[in-house]
Protein chains: 2
Amino acid sequence: MTLGWEEIRAEVLRRIRVRDWPPGALIPGEEALAEEFGVARATVNRALTALAEAGVIERKKRAGTRVAALPVRRARLEIPVIRLDVLGRGLAYDFRLMADRQVPAPVPVAARLGLPEGQPMRYLETLHLAGGLPFVLETRWLNPAVLPDPPPDFAAVSANEWLVTHVSLVSGDIAFTAEPATPREAEVMGVAPGTPLLVAERTTQGMAGPVTLVRLAHAPGHRVVMTF
Amino acid sequence: MTLGWEEIRAEVLRRIRVRDWPPGALIPGEEALAEEFGVARATVNRALTALAEAGVIERKKRAGTRVAALPVRRARLEIPVIRLDVLGRGLAYDFRLMADRQVPAPVPVAARLGLPEGQPMRYLETLHLAGGLPFVLETRWLNPAVLPDPPPDFAAVSANEWLVTHVSLVSGDIAFTAEPATPREAEVMGVAPGTPLLVAERTTQGMAGPVTLVRLAHAPGHRVVMTF
DNA sequence: AAGTGGTCTAGACCACTCG
DNA sequence: GAGTGGTCTAGACCACTTT
């Protein structure tokens with residue numbers, strides 16, 4: 001039986017787990033492992049690189065490879081388009097464009113996106129429905145500079161989906177908080193004001209500058225699940 | 001100037017962003033790209049593998065490499081030990097063990113961990129403090145089978161930290177929800193009952209079976225931030 | 001049947017950093 | 001200065017999937 005890089009990764013992981021190589025310990029160099037397993041050093045390198053990406057080991061030139069002392073667990077969140085998220089739950093998807101205005105950017109919005117205060121922006125409110133029930137209320141500030149002329153019809157394609165397919169998003173961040181439903185959210189989603197909602201706030205940067213700031217207020221009971 | 005795999009990754013990414021290669025399009029094969037860039041095929045492979053892991057492209061044998069039609073954005077969450085999380089925010093860390101009992105597993109807890117109902121479990125309540133103020137209330141069900149004899153003193157080292165350093169955690173999941181503060185949480189954290197709290201619920205499996213089910217109720221205003 | 005990505009090898013050079 | 005990981009090459013074989 002010949003060994004592949006995944007088997008070597010598994011074996012190294014096993015030795016770490018059974019504490020042959022305890023947290024903080026220096027493990028043998030690539031050359032030594034390659035010889036032990038009877039493979040090329042590149043194969044060992046592939047395995048160790050994968051473990052380093054997973055946060056299990058820490059590698060430094062000259063210093064060698066150590067088992068992470070306080071393993072930082074990394075969980076990955078896949079952020080799908082809302083339509084696919086709903087369909088993936090086995091529910092029918094629909095959405096309603098509740099508001100669509102051109103307004104000057106309020107101070108906090110402009111600040112978070114790095115745009116001048118008062119800059120004209122597109123304000124969109126979209127209610128996403130799952131199985132006919134409110135699923136997410138999307139409140140979006142959109143930099144109109146990224147839109148083509150004429151702009152797309154966000155009543156036909158949700159802004160969420162249009163952006164993903166038509167604008168090259170470069171970087172961004174997402175923050176989760178628990179917040180009481182605002183009066184507007186309560187009204188639109190049919191819950192009592194103050195009901196705890198899971199809110200995701202995302203900012204996104206494109207190649208030509210800031211693209212959008214969006215607040216997603218999820219219906220009560222919504223769970224964001226990640227595995228690691 | 002000679003090209004490395006990161007530069008090739010950047011160039012491919014650029015062509016995707018400027019829509020030389022639009023979503024859904026088939027991009028040239030590794031061999032062709034290697035020739036164009038004047039590098040070995042392995043170098044191109046390294047670059048494309050990285051892009052595939054990032055969800056930018058989709059690769060299939062025989063079918064070739066396509067630009068992802070609906071790019072699934074992937075965000076990574078690093079879950080540090082709570083103590084380091086607090087210190088990283090520039091605040092002093094402390095914790096108080098509020099409860100420590102041996103009790104039979106309630107049905108929902110046993111079910112989620114895959115343990116028999118009524119199994120004796122260690123129940124721990126730990127309040128983590130940041131700058132002297134409540135930061136997180138940790139409610140933990142712990143499978144005593146993973147503990148050594150004699151068991152550690154969780155009043156001296158928080159269960160959160162002891163587990164990370166002493167038990168080999170294999171897999172798990174984490175779910176975020178927004179929930180109203182329970183009366184107990186309200187009392188301990190000094191907030192009004194029903195206040196929206198960001199709750200993280202984690203289950204963890206070790207090599208020798210289920211390890212722990214923990215509920216982390218974060219103080220109001222807590223933000224979980226991820227970048228992508 | 002054929003073409004694609006996935007992987008491995010043996011060798012090499014380099015950058016970094018620790019002692 | 002020397003040893004480590006990071007990367008590249010040229011070639012090869014294989015598994016898979018689509019045609």
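To start, this report covers the structure provided alongside it. Model, not experiment: these values are computed from the prediction. (Residues numbered from 1 in each chain as written. Chains lettered and ligands numbered in written order. Predicted model: local features only at pLDDT ≥ 70, side-chain atom pairs only at ≥ 80, totals over all residues. Heavy atoms only, no water.)

**Notes on the overall build of chain A**
Right, so step 1: Counting its secondary structure elements, chain A contains seven helices and eleven strands.
Right, so step 2: Over its C-alpha atoms chain A spans a radius of gyration of 24 Å, topping by over 25% the 17 Å that the globule rule assigns to 228 residues.
Right, so step 3: For the C-alpha atoms alone, the extent of chain A along its principal axes is close to 65 × 35 × 30 Å.
Right, so step 4: Here chain A holds 228 residues, and the buried ones make up 47% of them.
Right, so step 5: Sequence separation of at least 24 residues holds for 57% of the intrachain contacts in chain A that already meet a minimum separation of 6.
Right, so step 6: For chain A, the exposed area adds up to about 10,900 Å²; of that, 55% sits on carbon and sulfur atoms.
Right, so step 7: Side chains of chain A give 26 positive and 25 negative charges; the mean places of these two sets differ by 6 Å. (Helix = DSSP H or I, 4+ residues; strand = E, 2+ residues; numbered from the N terminus. Rg over C-alpha atoms; globule rule 2.2 N^0.38 Å. Buried < 20%, exposed > 50% of the residue type's maximum accessible area, 1.4 Å probe, protein only. Contact = heavy atoms within 4.5 Å. Areas by Shrake-Rupley, 256 points an atom, 1.4 Å probe, with all protein chains shown as cover. Lys, Arg positive; Asp, Glu negative; His and termini not counted. Charge placed at Lys NZ, Arg CZ, Asp CG, Glu CD.)

**Digging into a nonpolar patch on the surface**
Right, so step 1: Among the surface-exposed residues, Val18(A), Val170(B) and Met207(B) lie close enough to one another that they form a single nonpolar patch of about 230 Å² accessible area.
Right, so step 2: Tracing the backbone shows Met207(B) in the loop between β9 (196–206) and β10 (209–218). (Patch = residues over 30% accessible without salt bridge, like charges linked within 9 Å, V, L, I, M, F, W, Y side chains within 5 Å. Salt bridge = Lys/Arg side-chain N within 4 Å of Asp/Glu carboxyl O.)

**A few points about the environment of Arg74(A)**
Right, so step 1: With respect to the helices and strands, the residue Arg74(A) is situated in strand β4 (residues 73–79).
Right, so step 2: Sequence separation between Arg74(A) and Phe228(A) is 154 residues, and the spatial gap between their C-alpha atoms is 6.4 Å.
Right, so step 3: Beyond its immediate stretch of four places on either side in the chain, Arg74(A) contacts Ala52(A), Glu53(A), Ala54(A), Gly55(A), Phe228(A), Arg76(B), Leu77(B) and Glu78(B).
Right, so step 4: Only 2.8 Å separates the side chain of Arg74(A) from the backbone oxygen of Glu53(A), close enough to count as a polar contact. (Polar contact = N/O pair within 3.5 Å; in protein donor to acceptor, adjacent residues only side chain to side chain.)

**Considering the packing of aromatic side chains**
In this description, an aromatic ring pair is defined by two values, namely the gap between the centres and the angle between the planes.
All names here are of chain A.
Right, so step 1: For the structure shown, the criterion picks out seven aromatic pairs over all chains.
Right, so step 2: Relative to tryptophan 141, the ring of tyrosine 123 has its centre 4.7 Å away and its plane inclined at 55 degrees; by these criteria the two rings are tilted. In this pair, tyrosine 123 sits in strand β6 (residues 120–130) while tryptophan 141 sits in strand β7 (residues 133–142), placing the two residues 18 residues apart along the sequence.
Right, so step 3: A residue is classified by how much of its surface remains accessible, and tyrosine 123, at 9% relative accessible area, is buried.
Right, so step 4: What makes tryptophan 141 buried here is its relative accessible area of 15%.
Right, so step 5: The positively charged end of arginine 46 is found above the aromatic ring belonging to tryptophan 5, 4.1 Å away from the centroid. (Phe/Tyr/Trp six-rings, centres within 6.5 Å; stacked < 30°, edge-to-face > 60°. Lys NZ or Arg CZ within 6 Å of the ring centre and 35° of its normal.)

**Looking at the protein's contact with DNA strand D**
Right, so step 1: The environment of DNA strand D is formed by 23 residues, the closest being Arg41(A), Arg59(A), Gly4(B), Trp5(B) and Thr43(B).
Right, so step 2: Here DNA strand D approaches the protein such that, of its atoms within 4 Å, sugar and phosphate make up 70%.
Right, so step 3: Arg59(A) is positioned with one of its side-chain polar atoms (N or O) 2.5 Å from a phosphate oxygen of DNA strand D.
Right, so step 4: Within the side chain of Thr65(A), a nitrogen or oxygen atom sits 3.2 Å from a phosphate oxygen of DNA strand D.
Right, so step 5: Of all the secondary structure elements, the ones that give two or more residues to the surface near DNA strand D are α3 (41–53), β2 (57–60) and β3 (64–67) of chain A together with α3 (41–53) of chain B.
Right, so step 6: When residues of the surface near DNA strand D are assigned to their parent elements, the largest contribution, four residues, is made by α3(B).
Right, so step 7: Here the surface near DNA strand D is built from residues that sort into six nonpolar, seven polar and ten charged. (Near = heavy atom within 4 Å. Nonpolar A, V, L, I, M, F, W, Y, C, P; charged D, E, K, R; others polar.)

**Overview of the sheet that holds strand β1 (residues 26–27) of chain A**
Two modes of strand pairing occur in sheets, parallel and antiparallel, and in both the strands are linked by backbone hydrogen bonds.
Residues and elements named next belong to chain A.
Right, so step 1: In spatial order, the strands read β1-β3-β2; together these three strands make up an open sheet with antiparallel pairing. Edge strands, defined here as strands with exactly one partner in the open sheet, are β1 and β2.
Right, so step 2: Pairing of β1 with β3, which is carried by two bridges, proceeds in the antiparallel orientation. Across the sheet, the residue bridging to isoleucine 27 is threonine 65, located in β3. (Pairing = 2+ DSSP bridges.)

**Considering the interface of chain B and chain A**
Right, so step 1: At the junction of the two partners, chain B supplies 53 residues and chain A supplies 54 residues.
Right, so step 2: Here chain B meets chain A over a buried area of about 4,600 Å², counting both sides, of which 57% is carbon and sulfur.
Right, so step 3: Summed over the three residues of chain B that lose the most area to chain A, namely Arg17(B), Arg73(B) and Phe228(B), the buried surface amounts to 15% of that side.
Right, so step 4: Arg74(B) is the partner of Glu78(A) in a salt bridge, and the nearest nitrogen-oxygen pair spans 2.9 Å.
Right, so step 5: Elements that contribute at least two residues to the side of chain B that touches chain A include exactly α3, β4 (73–79), α4 (82–88), α6 (159–166), β8 (169–180), β9 and β11 (224–227) of chain B.
Right, so step 6: In terms of residues, the side of chain B that touches chain A owes the most to one element, β8(B), which gives twelve residues. (Buried area = accessible area lost by both parts, 1.4 Å probe.)

**Some points on the protein's contact with DNA strand C**
Right, so step 1: Neighbouring residues of DNA strand C: 23 residues in total, closest Gly4(A), Trp5(A), Thr43(A), Arg41(B) and Arg59(B).
Right, so step 2: Among the atoms of DNA strand C lying within 4 Å of the protein, the sugar-phosphate backbone contributes 70%.
Right, so step 3: Contact between DNA strand C and Arg41(A): a base nitrogen at 3.0 Å from a side-chain N or O atom of the residue.
Right, so step 4: Residue Thr43(A) places a side-chain N or O atom 2.4 Å away from a phosphate oxygen belonging to DNA strand C.
Right, so step 5: Put simply, the parts of the chain that give the surface near DNA strand C at least two residues each are α3 of chain A together with α3, β2 (57–60) and β3 (64–67) of chain B.

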